[in-house]
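# Results of the structural survey
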Amino acid sequence: MNASLEGLENWEVLQRFLPKGWEDQARMSGALRRTRGVKDPAALLRVLMIHLAQGCSLAETAVRAQQAGLANMSSVALFKRLRASESWLLWLAQQLGGAGQGIWASPQRIVRAIDATVVSEPGSTGTDWRLHYGLRLADLRCDFFELTDVRGGESWKRVPVQPGEILLGDRVYGRPSGIAHVIKAKADVVVRFTPRLLPLVDGQERVCDPLRQARSLRVGKAGSWPTQVQHEGQLFPGRLLAVRRSAEATRREQKRLKREASRDGRVISERSWKAAEYVLIWTSLPDSFSTELALEYYRRRWQIELAFKRMKSLAGLGHLPKKDPTSARAWLYGKLFVSLLAEHMIEAARALSPWGYDLPGTAQSLARNRVPAA
């Protein structure tokens, strides 16, 4: 009885973090067309979270749900409920991820790291699903995601871009088409440079040789050279940035090159071996952003890698237990929802209250009385 009351109290707190209209959306999306075995959207979501957040099997979830008085259904019926909840779970994740919440209203430039991670099905040796993800560096919050199959390539062209933003990306995003997409939206990029993916030209439209330009650099010094990206007859100006790696960092990079070349059965070119001595970045940011600041932006791109590790270790996103596409997508959207919900709860915990949650109307009362928030 006490455990049941405690679970109810925890649910009351958790509901404060759910987006407005979440119960109506359960019915509109088809997740709860019938109430057979489960009485309302709250009970259904609590049952799904036993499976998604606690990692219980469908059979164990069905038993726990029955013991808690939440639902009376078999594991097969629960599986069907999960499949039917795909659109609802996607909507929940999108709302918590920033969709329609006015996240672009800040007058400051928003810096976003964009990347993708893979999720594999049981018995698979490759990529089955790819999660494309955007992370705001200011508060480490997700502001975009998209789930595709293995054919969904990584590109900035699939990312919604707002004027004034600064997008950070690894080398796979350093392609002329994606860079053009961002700059045409009146935003800027800071991206890892790879010569074969991103040929550059100078002011006279002559091909640039980044290694020749960077070879005079010494450890501890950064270089910057004006360059342009060509795409569909247009030129997009920017800068090539370079930093010489330390001897130890160079050895690590060359070791990585050897490992990948051995795996792929290819020979490392002399030019690639020499390029391991440098970190090369291309940016469209104007000169008012110093070389050091642009490089620091790129360094902080690592935060999105940490976000993926957290999702895979804490939310169990790394290995997909569902085999048919509909249930796989529902499971992945559910895991994203759980991960994003945790982000919101952690953010709220920073302004810790003795009672463990924010009271409704607190922010409005502070605003009315002109009291600064903690």
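This text goes with the structure placed above it.
Keep in mind the model is a prediction, meaning the values are calculated, not measured.

## Considerations on the layout of surface pockets
Once rolled over the atoms, a probe with the size of a water molecule shows which space is left empty. Of the voids in this model, the largest pocket is the one considered here, and its volume is about 1100 Å³. As for the largest pocket, its lining consists of 35 residues, of which Arg-171, Thr-194, Arg-196, Arg-256 and Glu-260 are closest to the centre. Elements that contribute at least two residues to the lining of the largest pocket include exactly strand E1 (111–119), helix H8 (210–214), helix H9 (247–264), helix H10 (270–275), strand E9 (278–283) and helix H12 (302–314). Partitioning the lining of the largest pocket into residue classes produces 15 nonpolar, four polar and 16 charged.

## Here's the deal with the packing of helix H3 (residues 41–52) against helix H6 (residues 86–96)
Close contact between H3 and H6 brings their axes to 13 Å; oriented N to C, the two are set at 85°. Comparing the axis directions of H3 and H6 gives the class roughly perpendicular. Facing Pro-41, Leu-44, Leu-45, Leu-48 and Leu-52 of H3, the residues of H6 in contact are Trp-88, Leu-89 and Leu-92. Of the residues belonging to the contact of H3 with H6, the class tally is eight nonpolar, no polar and no charged.

## Here we look at the nonpolar core
One broad trend across soluble globular proteins is that nonpolar side chains are buried collectively. Judged by nonpolar contacts, the single largest core of 68 residues is most densely connected at Trp-22, Leu-45, Trp-88, Tyr-133, Phe-145 and Phe-337. The element that contributes the greatest number of residues to this core is helix H13 (residues 325–349), accounting for 10 residues. Filtering out sequence-adjacent residues up to four positions away, Trp-22 remains in contact with Trp-11, Gln-15, Pro-41, Ala-42, Leu-45, Trp-88, Trp-91 and Leu-92. Core analysis: the second largest hydrophobic core is formed by 29 residues, Ala-116, Val-159, Phe-236 and Ala-242 among them.

## So, the pairing of strand E3 (residues 141–149)
With seven of nine residues buried, E3 is to be regarded as a mostly interior element. Where strand E2 (residues 129–136) meets E3, eight bridges bridge the pair, whose relative direction is antiparallel. Across the sheet, the residue bridging to Arg-136 is Arg-141, located in E3. What sits between E2 and E3 in their antiparallel hairpin is a turn of four residues, with Leu-140 showing a positive phi close to 55°.

## What to know about the sheet that holds E9
The mixed open sheet is built from nine strands, whose spatial order is E3-E2-E1-E4-E5-E9-E8-E7-E6. Edge strands, defined here as strands with exactly one partner in the open sheet, are E3 and strand E6 (200–201). Bridging between strand E5 (residues 188–192) and E9 involves three bridges; their strand directions are antiparallel. Following the sheet pairing, Val-191 is matched in E9 by Trp-282. Along the sheet face, helix H7 (residues 176–184) touches strand E4 (166–169), E5, strand E7 (222–231), strand E8 (234–244) and E9 and points at about 95° away from the line of E7.

## Thoughts on the side chain of Glu-253
With respect to the helices and strands, Glu-253 occurs in helix H9. Here Glu-253 falls in the buried class, since its relative accessible area comes to 12%. Those residues within four positions of Glu-253 in sequence are excluded, and the remaining contacts are Arg-171, Arg-245 and Ala-276.

The rules behind the values
Residues numbered from 1 in each chain as written. Predicted model: local features only at pLDDT ≥ 70, side-chain atom pairs only at ≥ 80, totals over all residues. Heavy atoms only, no water. 1 Å grid on protein atoms, 1.4 Å probe; cavity = no way out; pocket = protein on both sides within 12 Å on 5 of 7 lines; lining within 4 Å. Points joined across faces, edges and corners; volume = space filled by probe spheres on them. Helix = DSSP H or I, 4+ residues; strand = E, 2+ residues; numbered from the N terminus. Nonpolar A, V, L, I, M, F, W, Y, C, P; charged D, E, K, R; others polar. Axes fitted to C-alpha atoms, helices over the stretch in contact; angles between N-to-C directions. Parallel < 35°, antiparallel > 145°, perpendicular 65-115°, else oblique. Contact = heavy atoms within 4.5 Å. Core = buried A, V, L, I, M, F, W, Y, C linked by side-chain atoms within 4.5 Å. Buried < 20%, exposed > 50% of the residue type's maximum accessible area, 1.4 Å probe, protein only. Pairing = 2+ DSSP bridges.

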